[in-house]
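Notes for the structure review
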Amino acid sequence: MTDKILIVYTGGTIGMEPSDQGYVPSAGLYNLLERQLSHSTRSTLPPHDLLELPELIDSSNLQPQHWTQIASVLKQQWHEYRGFVVLHGTDSMAYTASMLSFIFAGTDKPIILTGSQIPLSQARSDGVENLASALAFANVPQLHEVCLYFGGRLLRGNRASKVASDGFTAFDSPNYSWLGDVGINLRLNEALLLPQSETFNIIQLQIPDFQAERVLVLPIYPGMPSQTLSVLFDNALSGNSAITGIVLQSYGVGNPPDADPHFMALLEKACQRDLLVLNISHCHSGHMAQGAYASGHALNALNVISGNDMTLEAAVAKMNMALTLPLSRQQQREWLARPVCGERS
Ligand code: ASP
């Protein structure tokens with residue numbers, strides 16, 4: 001292993017260039033960094049290499065297959081580097097951070113995702129600070145987990161959400177304390193950091209072959225067309241749809257509209273057909289208490305899994321991950337119900 005960090009550039013605003021249609025992903029980040037960073041800035045960064053993916057994307061086009069690709073690159077390079085920085089678009093960065101935390105659960109090295117709101121090529125870019133601090137965190141030996149660094153905040157990957165579309169502090173983890181922050185110095189909240197796992201073995205780590213169209217997100221809202229949804233759902237399942245998991249986003253502590261017979265019948269059918277149904281809350285902070293109200297109690301009777309205090313991003317990633325685990329449905333259900341802090345069965 002060298003003392004270097006590997007930067008994996010997947011696309012996103014940080015490396016974008018303007019075009020007639022707005023910003024587009026652009027290759028050649030190495031040259032851009034040479035141009036934008038002064039010699040003195042570059043000399044203070046930890047030693048690093050840069051690897052550009054062959055197809056750079058705006059992360060609003062992220063697909064589950066990209067998780068397989070990014071994770072495979074990290075696995076291939078694992079022994080060569082002491083830590084990793086993944087440059088990613090902000091739109092779906094929290095989904096990828098969540099997914100990498102499940103794939104690399106128990107990691108013995110830091111994996112830090114970052115990007116920027118303004119491209120490095122433009123005035124007032126936040127890219128230099130984000131990249132420099134992400135590299136600094138990727139160089140910290142006490143960090144053994146997947147984190148998202150952005151705008152001064154170091155967040156646990158599977159707790160992070162994009163909370164601001166145009167502010168520099170674009171991410172937060174409303175249901176979990178920050179793992180660290182950046183002022184004049186880097187500060188770590190050491191008590192919260194995951195311990196190094198004794199059992200992590202990169203050679204034996206299987207990178208799942210993620211597929212699109214397996215997970216449906218169903219947000220609940222007043223006046224939802226549940227009758228139409230129920231017909232669409234029946235059609236989809238009878239036409240051999242790939243959907244095998246549903247993430248239900250319900251109110252408050254996990255309450256669905258239990259007085260809506262079409263909606264409840266849809267959930268019942270999904271559970272009877274052995275789909276995994278995971279219930280999370282619209283609320284950004286607080287825990288689920290599925291069953292505190294009679295409406296939520298109906299979900300317990302159907303075997304709907306309580307998502308506890310998961311973000312939407314973590315729930316979608318964890319559901320995709322669960323569906324690839326070589327376990328029975330019941331075991332997948334139990335794995336989904338485990339608290340999110342990164343462990344993998
Ligand atoms: N659309 C961009 C992306 O997600 C936004 C960004 O990077 O900030 O790639």
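Structure first, text after, so check above.
Since the model is a prediction, treat every value here as computed from it, not as a measurement.

**Examining the environment of Pro 47**
Topologically, Pro 47 is positioned in the loop between helix H2 (39-44) and strand E2 (48-57). For the pair Pro 47 and Ala 170, spaced 123 residues apart in sequence, the C-alpha to C-alpha distance is 27 Å. When near neighbours in sequence (up to four residues on either side) are disregarded, Pro 47 contacts Asp 3, Lys 4 and Ile 5.

**A word on the site of the ligand**
The environment of the ligand is made up of Gly 12, Thr 13, Met 16, Asp 58, Ser 59, Gly 89, Thr 90, Asp 91, Ser 116 and Gln 117. In the model, a nitrogen atom of the ligand is placed 2.8 Å from a nitrogen or oxygen of the Asp 58 side chain. A distance of 3.4 Å is found between an oxygen atom of the ligand and a backbone nitrogen or oxygen belonging to Ser 116. Coverage of the ligand by the protein amounts to 90% of the 270 Å² it exposes when considered alone. A breakdown of the residues in the shell around the ligand according to their chemical character gives one nonpolar, seven polar and two charged.

**Brief notes about the sheet that holds strand E6 (residues 153-156)**
Across the sheet, which stays open at both edges, the eight strands sit in the order E2-E1-E3-E4-E5-E6-E9-E10 with mixed pairing between neighbours. Looking along the sheet, the strands with just one partner apiece sit at the ends: E2 and strand E10 (186-188). Taken pair by pair, the neighbouring strands of this sheet meet at an average axis angle of 20°, ignoring direction. Two strands pair when backbone bridges link them, and strand E3 (residues 83-87) and strand E4 (residues 111-114) are joined in this way by four bridges, in the parallel orientation. Bridge pairing in E4 places Val 86 opposite Leu 113. Across the face of the sheet, helix H1 (residues 29-36) comes into contact with strand E1 (5-11), E2 and E3 while running at roughly 125° to E2. Strand contacts of helix H3 (residues 64-77): E1, E2, E3 and E4, with the helix running at about 155° to E2, the strand carrying the most contacts.

**Some details on the packing of aromatic side chains**
All told, the structure shown has eight aromatic pairs when counted by the stated rule. Between Trp 78 and Phe 84, the aromatic rings sit 5.1 Å apart at their centres with planes inclined by 20°, giving stacked as the arrangement. The same class applies to Trp 78 as to Phe 84, namely buried. Measuring from ring centre to ring centre gives 5.3 Å for Trp 78 and Phe 104, while their planes differ by 10°; the resulting arrangement is stacked. Here Phe 104 lies in the loop between helix H4 (93-103) and E4 and Trp 78 lies in the loop between H3 and E3, a separation of 26 residues in the sequence. One exposure class covers both Trp 78 and Phe 104, and it is buried. Taken together through their ring pairs, the aromatic side chains of Trp 78, Tyr 81, Phe 84, Phe 104 and Phe 200 make up a single cluster.

**A word on the nonpolar core**
Of all hydrophobic cores here, the largest spans 52 residues; its most connected members are Leu 74, Leu 100, Ile 103, Phe 104 and Ile 111. Counting residues in hydrophobic clusters, the runner-up holds 26 residues, among them Ile 112, Leu 135, Leu 154 and Leu 193.

**Re the pattern of salt bridges**
Here the structure, examined in full by the defined rule, presents eleven salt bridges. The salt bridge involving Arg 42 is made with Glu 34; its shortest N-O contact spans 3.3 Å. Among the residues examined, Arg 42 registers a relative accessible area of 27% and is labelled partly exposed. On the basis of relative accessible area, Glu 34 is assigned to the partly exposed category, the value being 35%. One salt bridge in this structure joins Arg 273 and Asp 234, with 3.8 Å as the shortest N-O distance. Of this pair, Arg 273 sits in the loop between helix H7 (261-272) and strand E13 (276-281) while Asp 234 sits in helix H6 (residues 226-238), and the two are 39 residues apart along the sequence. Given a relative accessible area of 41%, Arg 273 falls into the partly exposed group. Taking the relative accessible area as the measure of exposure, Asp 234 reaches 26% and is therefore partly exposed.

The rules behind the values
Residues numbered from 1 in each chain as written. Predicted model: local features only at pLDDT ≥ 70, side-chain atom pairs only at ≥ 80, totals over all residues. Heavy atoms only, no water. Helix = DSSP H or I, 4+ residues; strand = E, 2+ residues; numbered from the N terminus. Contact = heavy atoms within 4.5 Å. Near = heavy atom within 4 Å. Polar contact = N/O pair within 3.5 Å; in protein donor to acceptor, adjacent residues only side chain to side chain. Areas by Shrake-Rupley, 256 points an atom, 1.4 Å probe, with all protein chains shown as cover. Nonpolar A, V, L, I, M, F, W, Y, C, P; charged D, E, K, R; others polar. Pairing = 2+ DSSP bridges. Axes fitted to C-alpha atoms, helices over the stretch in contact; angles between N-to-C directions. Phe/Tyr/Trp six-rings, centres within 6.5 Å; stacked < 30°, edge-to-face > 60°. Buried < 20%, exposed > 50% of the residue type's maximum accessible area, 1.4 Å probe, protein only. Core = buried A, V, L, I, M, F, W, Y, C linked by side-chain atoms within 4.5 Å. Salt bridge = Lys/Arg side-chain N within 4 Å of Asp/Glu carboxyl O.

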